[in-house]
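Take a look at the letters that make up each chain.
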Amino acid sequence: FAVMERPELIMARDAEVAELPSPEPEALAAARFTSVELPYESCCAPGYRAMRVRFDLAAVPARGLALVADFNADNVRVLVNGGIAGGLGRMTLPDISYYGNPKRVTHLPAGLLKPGENELVLVTVRDAS
């Protein structure tokens, strides 16, 4: 077995959440976010939610970053600096899919990152408690 070094952790800051009327970009653009402390959990009513955090990079890693998160939602769309970095399946109730439930690693590509401040937004949908 090869021994790997523990990856550097990047601290998220300025966490905010919002309830959305839909998963569409227009709803996200009009959302009213409220500050929260991390770690944060929202359970269990059906609907759409967004979490926004910021993080800083001295330089963009050539291979991008890995997001390891338990989304606690039926499905999720991951945006970095406004570009879609991840998300599978259908997000519109009641015909959603359920890709957000398993824990997984989401690749945040270098092309979406920038030196300095970056913004990560998670748009989630939940159908059942």
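Anything mentioned here points back to the structure above.
Because the structure is predicted, anything quoted here is derived from the model rather than measured. (Residues numbered from 1 in each chain as written. Predicted model: local features only at pLDDT ≥ 70, side-chain atom pairs only at ≥ 80, totals over all residues. Heavy atoms only, no water.)

Here we look at the sheet that holds strand β2 (residues 34–35)
Then, number 1: Read across the sheet, six strands follow the order β2-β1-β3-β8-β5-β6 without closing on themselves; strand pairing throughout is antiparallel. In the strand order of this sheet, the two ends are held by β2 and β6 (83–86), each with one partner.
Then, number 2: Sheet analysis places strand β1 (residues 13–20) next to β2, joined by two bridges and oriented antiparallel. Counted as the bridge partner of valine 17 is threonine 34 from β2. (Pairing = 2+ DSSP bridges. Helix = DSSP H or I, 4+ residues; strand = E, 2+ residues; numbered from the N terminus.)

A look at the pattern of salt bridges
Then, number 1: For the structure on display, the rule yields eight salt bridges.
Then, number 2: Note that aspartate 95 and arginine 90 form a salt bridge whose closest N and O atoms lie 3.5 Å from each other.
Then, number 3: Since its relative accessible area comes to 48%, aspartate 95 is described here as partly exposed.
Then, number 4: Its relative accessible area of 43% is what places arginine 90 among the partly exposed residues. (Salt bridge = Lys/Arg side-chain N within 4 Å of Asp/Glu carboxyl O. Buried < 20%, exposed > 50% of the residue type's maximum accessible area, 1.4 Å probe, protein only.)

Overview of the packing of aromatic side chains
Then, number 1: Within this structure, the stated rule accounts for zero aromatic pairs.
Then, number 2: The cationic tip of arginine 52 hangs over the ring face of phenylalanine 33; the distance from NZ or CZ to the ring centre is 3.8 Å. (Phe/Tyr/Trp six-rings, centres within 6.5 Å; stacked < 30°, edge-to-face > 60°. Lys NZ or Arg CZ within 6 Å of the ring centre and 35° of its normal.)

Details of the environment of methionine 51
Then, number 1: As for its placement among the helices and strands, methionine 51 is situated in strand β3 (residues 47–57).
Then, number 2: Expressed as a C-alpha distance, the spacing of methionine 51 and serine 35, which sit 16 residues apart in the sequence, is 9.6 Å.
Then, number 3: If near-sequence neighbours (up to four positions away) are discounted, methionine 51 is found in contact with Glu16, Val17, Phe33, Val36, Leu38, Tyr40, Leu120, Val121 and Leu122. (Contact = heavy atoms within 4.5 Å.)

Considering unusual backbone geometry
Then, number 1: With an omega dihedral of 0°, the bond running from leucine 38 to proline 39 counts as a cis peptide bond.
Then, number 2: Note that proline 39 resides in the loop between β2 and β3.
Then, number 3: The omega torsion of the bond from leucine 93 to proline 94 falls at 5°, within 30 degrees of zero and hence cis.
Then, number 4: With respect to the element layout, proline 94 can be found in the loop between β6 and β7 (104–108).
Then, number 5: Here the phi dihedral of aspartate 14 falls at roughly 55°; this positive angle occurs in a residue that is not glycine.
Then, number 6: Aspartate 14 gets classed as partly exposed once you look at its relative accessible area, which sits at 41%.

Geometric values such as these leave the question of function open.
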